[in-house]
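# Examination of the molecular architecture
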Amino acid sequence: MELTYTAPVEEVEEHMDAHLAWLDGHYASGTFLASGRKVPRQGGIILAAGASRAEIERIAEEDPFTVAGVCSYRIVEFLATRTSSYLAPVRESLPG
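Read on for an overview of the structure. Quantities reported herein were computed from a predicted structural model and do not represent experimental measurements.

## Quick notes on the packing of aromatic side chains
On inspection of all chains with the given rule, the structure shows three aromatic pairs. Ring centres of Tyr5 and Phe65 lie 6.2 Å apart, and the angle between their planes is 80°; on these two criteria the pair is classed as edge-to-face. Of this pair, Tyr5 sits in strand S1 (residues 2-5) while Phe65 sits in helix H4 (residues 64-68), and the two are 60 residues apart along the sequence. Accessibility expressed as a relative area gives 13% for Tyr5, which makes it buried. Look at Phe65 and you get buried, because its relative accessible area is 1%. The interplanar angle of 70° and the centroid separation of 5.4 Å between the aromatic rings of Trp22 and Phe32 together place this pair among those described as edge-to-face. In this pair, Trp22 is assigned in helix H2 (residues 16-29) and Phe32 in strand S2 (residues 32-37), connecting sequence segments 10 residues apart. Given the relative accessible area of 3%, Phe32 is considered buried. Among the aromatic residues, those joined into a cluster by ring pairs are Trp22, Tyr27 and Phe32.

## What about the pattern of salt bridges?
In total, this model carries eight salt bridges according to the counting rule given. Note that Arg53 and Glu57 form a salt bridge whose closest N and O atoms lie 2.8 Å from each other. A residue pair is termed a helical-turn pair when its members lie 3 or 4 positions apart in one helix, as Arg53 and Glu57 do in helix H3 (residues 53-62) at four residues. Judged by its relative accessible area of 32%, Glu57 falls in the partly exposed class. In this structure, Glu55 engages Arg58 in a salt bridge whose closest nitrogen and oxygen atoms are separated by 2.4 Å. Of this pair, Glu55 and Arg58 both sit in helix H3, three residues apart, roughly one helical turn. Since its relative accessible area comes to 29%, Glu55 is described here as partly exposed. By relative accessible area, which is 34% here, Arg58 ends up partly exposed. Linked by salt bridges that have partners in common, Glu2, Lys38 and Arg74 make up one network.

## Some points on the pairing of S1
Alternating positions in S1 separate cleanly, Leu3 and Tyr5 being buried on one face and Glu2 and Thr4 remaining unburied on the opposite face. The pairing of S1 with strand S3 (residues 43-48) spans three bridges and is classified as antiparallel. Considered in S3, the bridge of Glu2 is made with Ile45. Two strands pair when backbone bridges link them, and S1 and strand S4 (residues 71-74) are joined in this way by four bridges, in the antiparallel orientation. Considered in S4, the bridge of Thr4 is made with Ser72.

The rules behind each value
- Residues numbered from 1 in each chain as written.
- Predicted model: local features only at pLDDT ≥ 70, side-chain atom pairs only at ≥ 80, totals over all residues.
- Heavy atoms only, no water.
- Phe/Tyr/Trp six-rings, centres within 6.5 Å; stacked < 30°, edge-to-face > 60°.
- Helix = DSSP H or I, 4+ residues; strand = E, 2+ residues; numbered from the N terminus.
- Buried < 20%, exposed > 50% of the residue type's maximum accessible area, 1.4 Å probe, protein only.
- Salt bridge = Lys/Arg side-chain N within 4 Å of Asp/Glu carboxyl O.
- Pairing = 2+ DSSP bridges.

Here's what the structure looks like:
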């Protein structure tokens, strides 16, 4: 999940606490594996697993940043066929 700020960073910051709480909820559910700011600070990246594209799109729509209109999302699906040992539980196989 790639988010891009569509408002000045100062406006994004106004919604940061709510965004962080939203992230925490999805980490607790096991959907989010990693996240962080892009460099330069123009948005962020979230690595998610175990959910359908439709579910990920719904999750992105519920991000307080999206609700406030300060970011947009680009969802990129991929098959994680190689991972570090830490991510072995989300490793996938190529289709038939």
